[in-house]
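Architecture at a glance
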Amino acid sequence: MEIRDATADEHAEAGRVTAAAYEGLVRDPSYLERIADVADRAARTEVVIAVEDGLIVGSLTLELSRRVNPCDDPLEAHRAHIRMLGVAPSHQGRGIGKRLMDEAERRALAAGKTEITLHTTEPMTTARAMYAGLGYARTPDDVLPDGFVLMGYRKVLGADSD
């Protein structure tokens, strides 16, 4: 398996695979369109893909200095943030998500970041278990104006974080 940056020619397929991973797990089906729009966020973020036998089987979006949503508060200088991690349903449970997370952490460290954060939701039980197993600690939740809860996670990066 190869973990690398998505090329422009791969944005549509990476988006399709990632959106498929989220089907049935999002409250607003229109969010799947945003997840699938890799081309839009690739200009501001790093989109990392997992490729196996020539097929894109997963992707992750990493915010190092700019955000997926330009209107969001800027990242603090020491922080990276993970967005939209998804593995093709047919390939889940094989460690692909962990490989993508490891790459995100490696890139964050290389960029001088000392912590990495992410949000997830209650239905994403497998992802939450993976984050805990990778050493991510719970942080306060973000509650959106409509009451929707984004569960916060954080990991300190560096030599002493293992």
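The structure contained in this document is the topic of the report that follows.

How each quantity is defined
Residues numbered from 1 in each chain as written. Predicted model: local features only at pLDDT ≥ 70, side-chain atom pairs only at ≥ 80, totals over all residues. Heavy atoms only, no water. Helix = DSSP H or I, 4+ residues; strand = E, 2+ residues; numbered from the N terminus. Rg over C-alpha atoms; globule rule 2.2 N^0.38 Å. Buried < 20%, exposed > 50% of the residue type's maximum accessible area, 1.4 Å probe, protein only. Contact = heavy atoms within 4.5 Å. Areas by Shrake-Rupley, 256 points an atom, 1.4 Å probe, with all protein chains shown as cover. Pairing = 2+ DSSP bridges. Axes fitted to C-alpha atoms, helices over the stretch in contact; angles between N-to-C directions. Salt bridge = Lys/Arg side-chain N within 4 Å of Asp/Glu carboxyl O. Phe/Tyr/Trp six-rings, centres within 6.5 Å; stacked < 30°, edge-to-face > 60°. Lys NZ or Arg CZ within 6 Å of the ring centre and 35° of its normal.

**Structural notes on the overall build of the chain**
The secondary structure content of the chain amounts to five helices and seven strands. Order of helices (α) and strands (β) in the chain, N terminus to C terminus: β-α-α-α-β-β-β-α-β-α-β-β. Its C-alpha atoms give the chain a radius of gyration of 15 Å, within 12% of the compact-globule value 15 Å for 162 residues. Reported as C-alpha extents along the three principal axes, the dimensions of the chain are approximately 40 × 35 × 30 Å. When each of the 162 residues of the chain is scored for burial, the buried share is 44%. A fraction of 59% describes how many contacts in the chain between residues 6 or more apart in sequence connect residues 24 or more apart. Carbon and sulfur atoms make up 51% of the accessible area of the chain, which totals about 8,400 Å².

**So, the pairing of strand E5 (residues 115-120)**
Most of E5 sits inside the fold, with five of its six residues counted as buried. Across four bridges, the pairing between strand E4 (residues 79-87) and E5 is parallel. Within E5, the position partnered with Ile82 by the bridge is Leu118. Judged from the six bridges that link them, E5 and strand E7 (residues 149-156) form a sheet pairing that is antiparallel. Bridge pairing links Glu115 to Val156 in E7.

**Side note on the sheet that holds E7**
Spatial ordering of the open sheet is given by E1-E2-E3-E4-E5-E7-E6, a layout of seven strands whose pairing is mixed. In this open sheet, the two strands that pair with only one neighbour each are strand E1 (2-5) and strand E6 (137-143). Put simply, the sheet's adjacent strands are angled 30 degrees from each other on average, direction ignored.

**Notes on the pattern of salt bridges**
In this structure the tally under the stated criterion is 19 salt bridges. With a shortest N-O distance of 3.6 Å, Arg83 and Glu63 are connected by a salt bridge. In this pair, Arg83 sits in strand E4 while Glu63 sits in strand E3 (residues 55-63), placing the two residues 20 residues apart along the sequence. For the pair Arg83 and Glu63, one class covers both residues: buried. Here the salt bridges share partners, and the residues they tie into one network are Asp5, Glu46, Glu103, Arg106 and Arg107.

**Describing the packing of aromatic side chains**
Tallying each qualifying case throughout the model produces two aromatic pairs. Here a set of aromatic residues connected by ring pairs shows up, and it is made of Tyr131, Tyr136 and Tyr153. For Arg27, the ring lying beneath its charged end belongs to Phe148, and the centroid distance is 4.1 Å. Sitting over the face of the ring of Tyr153, Arg138 holds its NZ or CZ atom 5.2 Å from the ring centroid.

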